[in-house]
Amino acid sequence: MGINHPVLARFLCPIGEIMRFQDDPKVAINHMQAGKIELTADAFPAFLWKGDPPGADYNPDNMMDGFLEGFTLKHMSTTTYQSFIHISLCFQTMWHIFTGPSTALGTQSHRTWPCNAVLHDMTTVEAAHIAYGCVQVCLHSNHT
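Residues numbered from 1 in each chain as written. Predicted model: local features only at pLDDT ≥ 70, side-chain atom pairs only at ≥ 80, totals over all residues. Heavy atoms only, no water.

*Asks:* I'm lost on the overall build of the protein chain in this one. Help?
*Replies:* When you go through the protein chain residue by residue, the secondary structure sums to eight helices and zero strands. Buried positions account for 33% of the 144 residues belonging to the protein chain. The long-range fraction of contacts in the protein chain, counting pairs at least 24 apart against all pairs at least 6 apart in sequence, stands at 52%. Total accessible area on the protein chain is roughly 9,100 Å²; 60% of this is exposed by carbon and sulfur atoms. (Helix = DSSP H or I, 4+ residues; strand = E, 2+ residues; numbered from the N terminus. Buried < 20%, exposed > 50% of the residue type's maximum accessible area, 1.4 Å probe, protein only. Contact = heavy atoms within 4.5 Å. Areas by Shrake-Rupley, 256 points an atom, 1.4 Å probe, with all protein chains shown as cover.)

Structure, rendered in structure tokens:
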């Protein structure tokens, strides 16, 4: 899924490119996939800003307005305990993505094919991986 899914792509779209995404989501997704819109650690994703959809209220003249007020962050971090659970789930999700479900859940691994990290030549955890894992946790925790 990730940037191949239009909703997740909007969540992960760098906030500086959100207007471009709003104008033509398909073109923006293609540019994200091709690397023309770079997903780097210093390009904060849209889901960090308030708005429905995320980043809709972004004001390029006042970047801090609405920053860290996104629905996902506000509703997932209301207490210290929830924050701890969220961080724990993010780590478990990242472990699941990189090594597979058996190792992430602590059960004996019965591999029949290589883990995702090997399949996709992922040798390090990058900011985009962490953002993807956090988005997955946030999206799936709202359905439980």
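Read on for the rest.
*Asks:* Sorry, what's going on with the nonpolar core here?
*Replies:* The nonpolar side chains of soluble globular proteins are, as a tendency, buried together. Residues Ala9, Ile15, Ile18, Phe21, Met32, Trp49 and Val135 are the most contacted members of the largest nonpolar core, which totals 21 residues. Among the elements of the structure, α1 (6-12), α2 (18-23), α3 (25-34) and α8 (127-141) are those that each provide at least two residues to this core. If we skip the residues at most four places from it in the chain, Ile15 touches Phe44, Ala46, Trp49, Gly55, Tyr58 and Met63. Of all hydrophobic cores here, the second largest spans six residues; its members include Met94, Ile97, Ala117 and Met122. (Core = buried A, V, L, I, M, F, W, Y, C linked by side-chain atoms within 4.5 Å.)

*Asks:* I would appreciate a short explanation of the pattern of salt bridges in the present structure.
*Replies:* Where charged atoms from two side chains of opposite charge come close, those side chains can pair. By the definition in use, this model includes one salt bridge. In this structure, Glu17 engages Arg20 in a salt bridge whose closest nitrogen and oxygen atoms are separated by 3.0 Å. Since its relative accessible area comes to 23%, Glu17 is described here as partly exposed. (Salt bridge = Lys/Arg side-chain N within 4 Å of Asp/Glu carboxyl O.)

*Asks:* In this structure, what is going on with the environment of Thr124? I would like to understand it.
*Replies:* With respect to the secondary-structure elements, Thr124 resides in the loop between α7 (116-119) and α8. Exposure remark for Thr124: the relative accessible area of 43% places this residue in the partly exposed category. Residues Thr124 and Phe98, spaced 26 residues apart in sequence, show a C-alpha to C-alpha distance of 9.6 Å.

*Asks:* How should the environment of Val7 be read in this particular structure?
*Replies:* Take Val7: it is sitting in helix α1. C-alpha of Val7 to C-alpha of Pro54: the two residues are 47 residues apart in sequence and 9.6 Å apart in space.

*Asks:* Quick question: what am I supposed to make of unusual backbone geometry here?
*Replies:* When glycine is set aside, most residues are seen to have a negative phi, and most peptide bonds are trans. The residue after Asp52, namely Pro53, is reached through a cis peptide bond having omega 5°. Along the chain, Pro53 falls in the loop between α3 and α4 (71-76).

*Asks:* Help me understand α3 in this model?
*Replies:* Helical geometry note: an α-helix holds 3.6 residues per turn, so side chains three or four residues apart project in the same direction. Taken residue by residue, α3 has Ala28, Ile29 and Met32 as its buried positions. Take α3 and look down its axis: the buried residues cluster within an arc of 100°, on one side only. The outward face of α3, more than 90 degrees from its buried face, is lined by the exposed residues Lys26 and Ala34. Buried residues belonging to α3 abut α1 and α2. The positive-phi residue at the C-terminal boundary of α3 is Gly35, with phi of around 85°. (Arc of directions from axis to C-beta.)

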